[in-house]
Amino acid sequence: MTNRMLVAPSLLSADFGNLERDVRAICEADCDLIHVDVMDGHFVPNLTIGPVVVEPISRIATRPLDIHLMVQNNTFFVELFAPLKPKYISFHIEEEKHPHRLISKIREYGISPAIALNPHSRIEDIEYLLPELDMVLLMSVNPGFGGQKFISNVYDKATRLKKIIREKKLSTLIEVDGGVSNKNINELLNSGVDIAVSGSYIFKSQNIKQAIDSLKIEKN
Ligand code: DX5
Ligand code: ZN
């Protein structure tokens, strides 16, 4: 396990007219994961990409994919994306009646299961599932769009979640997604966050590598 913050640029803020260029740029800039936001226009009021677009991305990418489902009917989407062999698939707890069953299904595909929590959702709701999860994604914006304002209740949530993970002697990672930049990365690291997802901060910067490097801060 690396001793620094891992960085997952979110393709939502890439230039979709130059997607190959942008995927190559973040890989050459040594990102750790490639965060792919899948939105269905139902769970969130926005619509993004499916396997038709993510498959060619997976061929170009030299870093593992981190698929963030923001959809209704999670099982359908898991089956759709599993053949692309992402490292992670995360689904939202707010939209799943049978999370334990879906976690098992994701793991059967050889993919690391993760659960995402909206800003209002309680970590208690996933506490009993933690031993089955490789990662928890804490939203620090309301899902649906890039470039939104960071919601700072995630610091407390991450701190409490990390405490539970340590008490249970688990290795579940904490990922934070939404409004992440060099302004809040130190406090996120101090709150126990392992992986920073960042879209607009990285892709709107003058220098993608410098922006990624600025988030790769060391743990004490
Ligand atoms: C929002 C997405 C995020 C988004 C983050 O629903 O899950 O991954 O791309 O973008 P920024 O970093 O711009 O908030
Ligand atoms: Zn996301």
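Going by the structure above, here's the rest.
Residues numbered from 1 in each chain as written. Chains lettered and ligands numbered in written order. Predicted model: local features only at pLDDT ≥ 70, side-chain atom pairs only at ≥ 80, totals over all residues. Heavy atoms only, no water.

Peer 1: Any details on the site of ligand 1? Residues and values, ideally.
Peer 2: Taken together, 20 residues lie around ligand 1, and Ser-10, Gly-144, Asp-177, Gly-199 and Ser-200 are the ones closest in. Within the backbone of Gly-144, a nitrogen or oxygen atom sits 2.7 Å from an oxygen atom of ligand 1. The separation between an oxygen atom of ligand 1 and a polar side-chain atom of Asp-177 is 2.7 Å. Here ligand 1 has 380 Å² of accessible area as a free molecule, and 100% of this is covered by the chains. When each cavity is represented as a set of grid points, ligand 1 is found to reside in the largest pocket. Looking at the shell around ligand 1, the elements with two or more residues in it are β2 (34-39), β3 (65-70) and β8 (195-198). (Near = heavy atom within 4 Å. Polar contact = N/O pair within 3.5 Å; in protein donor to acceptor, adjacent residues only side chain to side chain. Areas by Shrake-Rupley, 256 points an atom, 1.4 Å probe, with all protein chains shown as cover. 1 Å grid on protein atoms, 1.4 Å probe; cavity = no way out; pocket = protein on both sides within 12 Å on 5 of 7 lines; lining within 4 Å. Sits in = over half its atoms within 2 Å of the grid points. Helix = DSSP H or I, 4+ residues; strand = E, 2+ residues; numbered from the N terminus.)

Peer 1: Give a detailed account of the packing of helix α3 (residues 74-81) against helix α4 (residues 99-108), specifying residues and quantitative values.
Peer 2: In contact at an axis separation of 11 Å, α3 and α4 are set at 5° when each is read in the N-to-C sense. Our classification of the angle between α3 and α4 gives roughly parallel. Every residue of α4 that contacts α3 at Asn-74, Thr-75, Val-78 and Glu-79 is listed here: Leu-102, Lys-105 and Ile-106. Across the contact of α3 with α4, the residue classes tally to three nonpolar, two polar and two charged. (Axes fitted to C-alpha atoms, helices over the stretch in contact; angles between N-to-C directions. Parallel < 35°, antiparallel > 145°, perpendicular 65-115°, else oblique. Contact = heavy atoms within 4.5 Å. Nonpolar A, V, L, I, M, F, W, Y, C, P; charged D, E, K, R; others polar.)

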